[in-house]
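# Chains, contacts and geometry: an overview
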Amino acid sequence: MLGHLTKAAGYGLLGGVEYLLGAIRGRGRGPEQRRAEVVLAFLLRMGPIYIKIGQIAATRSDLLPESWVQTLRVLQDQAPHMPVDQTRRAIERELGAALEATFVSFDPTPIASASVAQVHVAELSDGRKVAVKLVKDAVPEQLEQSLRALATLVRLVHLAVPPVRNLNLPKRFEELARLLRPQADMTHEADRQQRIYANFRAHPFVKVPAVVPELVTRRMLVMEYMDGIPGKHADTVPFPRARLAQRLQDVIYTMLYMHGICHGDPHPGNVMFTEAGEVVLVDYGVTVELSEDEKWGLSSFYYACSRKEWEIATDRFTRHFVIAGKPLHQRRSAYDAQMIEILRHHFDLSTNRWSTVAFFNDVNAVLRQYDSRYTTNFTKVELVFLSGEGFATQIDPDIDIWSNARNFTDRYSPYVSTEVAQRFEAEFTLQMPTSLGLRDRARSSLVAPTHIDRYFFPSGFPVFVKEAAGGSIKDFDGNEYIDLSGGYGPHLLGYAHPAITSAITAGVDRGLVNGIGHVAEIELAELLVDAFPAADKAILCNSGTEAILFALRICRGYRRRTAVAKFEGHYHGFADQGMVSSWFRFSGDRHHPEPVAGTLGTDPATVAGTVVLQYGDIGGLDRLRAHADELACVILEPMPTSVVALDLEFLTELRRVCTELDIPLVFDEVVSGFRAAYGGVQVLADIHPDLTCLGKVIGGGLPCGAVIGKQALIDMAKSSQDPFNDYENKVFAGGTLSGNSLTCTAGLAAVRHLGTHPEIYPMLDANTARLAEAMREAVRQRELACRINARNSMFSLNFSHREAGLYRERMAGSNFKATIALAYYMRKHQVYLPELHGFLISAAHSIEDLDQVAHAFEKSLDEMLADQLFVT
Ligand code: PLP
């Protein structure tokens, strides 16, 4: 066929049409074939928009006869192209120079030609082989003309045919036109391609050609050349068909659910395969972008479907993706009943014969009855599902789309699937029956949101501890586990450290004192202030959350302003402010996040009064200038513990901007304080805040918190001895047990021990590096997509192919199901890993302990591979 096209070059576009038809005619024709050819000829004569429509139709083997699909498929990559001379002129116009000045070789015969552009192979002077995508001359103008003509036609139909008026065709056409117009603009396409490239850069089986940015113009896009077997010849790929089709589906779902930016047109002309079964995606002319809220909507809808919760699924679908007409509001329960019926029919009764087309057709029919329709964006998502799943079905007619989709939504959910849960239940019933018994007993009297009933990553198989000592815990069934939770942070020296235990025992013997002066509180304050170069004074309290509350109140009082700037993904305790945009749910553009409540019950004013920034995004700090007049303070974890990353350049700039704007900078070192170093991250980084919040380690295992910092700020809580002045100009800090004698005694013992044993820190750092490297090696050997970040005794582990970047993006690539399952596999091998994606080591862990952890990790990965927790 390409041979025909080469000859066609001399004939221009219309000559090409004749050649194409000639080529097709050679195949032997029936009446269907002839009809398809007439349509093909019509589409080709009418120009790029029509060719596009034909391309989409060619993916619909479920709707069109095979002969039509075959005929229209030529539009996917074999539409007519420009003659050779014209091509050269067009390229040189874009380069502003002779072709040879940029390319040492250039093949004038395109390797592909579709509705808008043609693609040539060339070589750059540095030896790189590239693909040059060139918009065909006159296409932008033709595109515009066709769109205008079609818009007029659509408006006429809208006016002249009353029954279709409620479809609001002109508006929908305008939406379509908005999608199609940028197709002839290669700068737009290059931008999308670069983003999708970045998302898949480290993916095990997806390849996106890298853009050569200096060779991108409105009409030309130069990119890395990638060879592959064209999608339409997928049957010749020497890789199991079923896995290939599953991979294709997985790629599309990853883009939609996880990345939020998706190839908008995954038909066979835009997909290639390598012999190793890699999926190469090309042509980013149409992309679909989903907001954080839409991604959330899509995942939550499918999740409800996978749990067969049809009412919830209907509600989620309607809320996120339907523009409801009046009849839907008026007859909501009838609508719900019809939708529930459709969901049940498709997701439950006919799952082994899942048909995306049939599902969307049924939903559309119901929506029409209620004068309602999909949101514009969901219309695009529907198209992606249809063409992607249509193609996957062509590759493997037996593909179980729904079961693959289910795996996918399960993977996103932070819960184990029912099957896995049942297996663990059986295994742990043998291994730790007493713990499971206690778990069940707790159900009737206790809600333990901090461990058993955790809001996110709840613990299905909790260990109940009989004894804890050093780096280990023992349960009631004789199991001993190496503990990597460290009680979420306090136990840096290990459990029951003799220095702390003896101090506590002596403290108890002296009587528990609170709310009356004692020496330990002064000594602890002195020790804390001494450890931080930028701190003058301390206020003691009972937890990290309280320390944050005090710090915020102090800053609000000091600045007489209420808004708070915080960072996406940074958790600052369980109070309203600390949880805004802190985890799991995000909103708004990646560079301009919108604040979102962390939990039901949050005061909306707190959310509205939050400016959310991105750690590491220096450009984003301009927003501090924009909001300077409203802000009480900026708060962040200088080394975010959920991802364990330290960006010194960013922190330096943040410090500079806060000083310039005179906005107090608050470091939350509740986790990192006395863990990352004696003092905290600020000592390591030599970047100092105005206030620091502490907790965890400084209580030696008892409830404790502190806010320390500059005198002018801390003294906001100090009485002026004039109650009238205090009421107007001071902030209140209290707490019955704040600074109680026992906590201070335990904290003193812990911090003193750390101060007198400075060798602990380099040892922890070395042990961290050793364990991290052993774990990374285990991952490498198994070619798994897993990111392990670790430093200063803190670890973050994500089963994700995505490299470091924004917190939301790291989370969005994560295989949560594998993360939570890992905790249980490790538990079977005598390692207690919390179900979260982070863990800690302590000074009590020996090298042997760490090697045992690494070994358990290897065994767990092998079992997880065997149990198919990873798509391969
Ligand atoms: N800040 C950070 C960074 C934390 O990780 C936590 C708790 O994990 C807190 C604050 C709140 O501390 P607490 O749980 O002691 O209230």
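None of these values were measured; they are calculated from a predicted model.

## A word on the overall build of the protein
Secondary structure summary: the protein contains 35 helices and 30 strands in total. Taken against the 2.2 N^0.38 rule, which gives 29 Å for 872 residues, the C-alpha radius of gyration of the protein at 31 Å falls within 12% of a compact globule. As presented, the protein carries roughly 35,600 Å² of accessible surface, and 55% of it is formed by carbon and sulfur atoms. Between the mean site of the 89 positive side-chain charges and the mean site of the 103 negative ones, the protein shows a separation of 6 Å.

## Structural notes on helix 20 (residues 433-442)
Of all the residues in helix 20, the buried ones are Ser435, Leu436, Arg439 and Ala442. Take helix 20 and look down its axis: the buried residues cluster within an arc of 120°, on one side only.

## Details of the packing of aromatic side chains
Within the structure shown, the criterion is met by 36 aromatic pairs. Centre to centre, the rings of Phe347 and Phe359 are 5.3 Å apart; their planes meet at 80°, and the pair counts as edge-to-face. Taken together, the residues span a long stretch of sequence, with Phe347 in helix 15 (residues 332-349) and Phe359 in helix 16 (residues 356-369) at a distance of twelve residues. Taking 6.2 Å as the distance between ring centres and 90° as the angle between the ring planes, the aromatic pair formed by Phe360 and Tyr374 counts as edge-to-face. Of this pair, Phe360 sits in helix 16 while Tyr374 sits in strand 14 (residues 373-374), and the two are 14 residues apart along the sequence. Considered together, Phe360 and Tyr374 belong to a single accessibility category, that of buried residues. Site record: aromatic cluster; members linked through ring pairs are Tyr253, Tyr257, Phe301, Tyr302, Phe317, Phe321, Phe347, Phe359, Phe360, Tyr374, Phe378 and Phe385. A cation over an aromatic ring shows up here: Arg247 above the ring of Phe205, its NZ or CZ 4.2 Å from the ring centre.

## Section: the pairing of strand 28 (residues 794-798)
Most of strand 28 sits inside the fold, with five of its five residues counted as buried. The alternating pattern of strand 28 places Met794, Ser796 and Asn798 on one face and Phe795 and Leu797 on the opposite face, and all of these are buried. If you look at the hairpin formed by strand 27 (residues 787-791) and strand 28, you'll find two residues sitting between the two strands, and Asn792 has a positive phi there, around 50°. Two strands pair when backbone bridges link them, and strand 28 and strand 30 (residues 838-840) are joined in this way by three bridges, in the antiparallel orientation. By the bridge assignment, Phe795 is partnered in strand 30 with Phe839.

## Focus: the site of the ligand
As a structural note, the neighbourhood of the ligand is formed by Ser543, Gly544, Thr545, Tyr571, His572, Gly573, Glu637, Asp668, Val670, Val671 and Lys696. Out of a free accessible area of 390 Å², the ligand has 80% covered by protein chains.

## Here's the deal with the sheet that holds strand 10 (residues 271-273)
In spatial order, the strands read 5-11-10-8; together these four strands make up an open sheet with mixed pairing. Of all the strands in the sheet, just strand 5 (206-207) and strand 8 (229-230) have a single pairing partner and so form its edges.

## Points about the confidence of the model for the protein
On average, residues of the protein carry a pLDDT of 89, and 91% of them reach 70 or more. Between residues 1-28, whose pLDDT stays under 50, and residues either more than four places distant or in other chains, the model counts 46 contacts.

## What to know about the sheet that holds strand 17 (residues 480-483)
Reading across from one edge, 15-16-17-29 is the order of the four strands in this open sheet, with mixed pairing throughout. Looking along the sheet, the strands with just one partner apiece sit at the ends: strand 15 (465-469) and strand 29 (831-832). In terms of strand pairing, strand 15 meets strand 16 (residues 472-475) through four bridges, oriented antiparallel. Pairing of Ala468 across the sheet is with Ile473, part of strand 16.

## Side note on the pattern of salt bridges
Summed over the entire model, instances satisfying the criterion amount to 46 salt bridges. The closest approach of N and O atoms between Lys828 and Glu863, which form a salt bridge, is 3.9 Å. Here Lys828, found in helix 34 (residues 816-828), pairs with Glu863, found in helix 35 (residues 847-866); they are 35 residues apart in sequence, far enough to count as distant. Given the relative accessible area of 26%, Glu863 is considered partly exposed.

## Description of the nonpolar core
Leu528, Phe674, Leu771, Leu797, Phe799 and Phe857 are the most contacted members of the largest nonpolar core, which has 84 residues in total. Here the element with the most residues in this core is helix 34; it accounts for nine residues. Every residue in contact with Leu771, bar those within four places of it in the chain, is listed here: Phe795, Phe839, Ile841, Leu850, Val853 and Ala854. By size, the runner-up hydrophobic cluster in this structure holds 67 residues, among which are Val237, Val279, Val288 and Val366.

## Quick notes on helix 27 (residues 648-661)
With 14 residues, helix 27 should cover 20 Å at 1.5 Å per step; its first-to-last C-alpha distance of 20 Å lies within 8% of that length. Taken residue by residue, helix 27 has Phe650, Leu651, Leu654, Arg655, Val657, Cys658 and Leu661 as its buried positions. The buried side chains of helix 27 occupy one side of the element, clustering within an arc of 165° when seen end-on. What points out from helix 27, more than 90 degrees from its buried face, is the exposed set Glu649 and Thr659. Close packing links the buried residues of helix 27 with helix 23 (544-559), strand 19 (563-567), helix 26 (622-627), strand 23 (631-636) and strand 24 (665-668). The backbone nitrogen of Glu649 has a side-chain oxygen 3.4 Å away, supplied by the residue at the start of helix 27, namely Asp647. At the C-terminal side of helix 27, Asp662 shows a positive phi close to 60°.

## Focus on the side chain of His263
Looking at where His263 falls in the secondary structure, it is placed in strand 9 (residues 261-263). Here the side chain of His263 touches Asp265 through a polar contact of 3.0 Å, landing on its backbone nitrogen. For His263, the side chain forms a polar contact with the main-chain oxygen of Asp283, separated by 2.6 Å.

Analysis parameters
- Residues numbered from 1 in each chain as written.
- Predicted model: local features only at pLDDT ≥ 70, side-chain atom pairs only at ≥ 80, totals over all residues.
- Heavy atoms only, no water.
- Helix = DSSP H or I, 4+ residues; strand = E, 2+ residues; numbered from the N terminus.
- Rg over C-alpha atoms; globule rule 2.2 N^0.38 Å.
- Areas by Shrake-Rupley, 256 points an atom, 1.4 Å probe, with all protein chains shown as cover.
- Lys, Arg positive; Asp, Glu negative; His and termini not counted.
- Charge placed at Lys NZ, Arg CZ, Asp CG, Glu CD.
- Buried < 20%, exposed > 50% of the residue type's maximum accessible area, 1.4 Å probe, protein only.
- Arc of directions from axis to C-beta.
- Phe/Tyr/Trp six-rings, centres within 6.5 Å; stacked < 30°, edge-to-face > 60°.
- Lys NZ or Arg CZ within 6 Å of the ring centre and 35° of its normal.
- Pairing = 2+ DSSP bridges.
- Near = heavy atom within 4 Å.
- pLDDT = per-residue confidence, 0-100.
- Contact = heavy atoms within 4.5 Å.
- Salt bridge = Lys/Arg side-chain N within 4 Å of Asp/Glu carboxyl O.
- Core = buried A, V, L, I, M, F, W, Y, C linked by side-chain atoms within 4.5 Å.
- Expected span 1.5 Å × (residues − 1).
- Polar contact = N/O pair within 3.5 Å; in protein donor to acceptor, adjacent residues only side chain to side chain.

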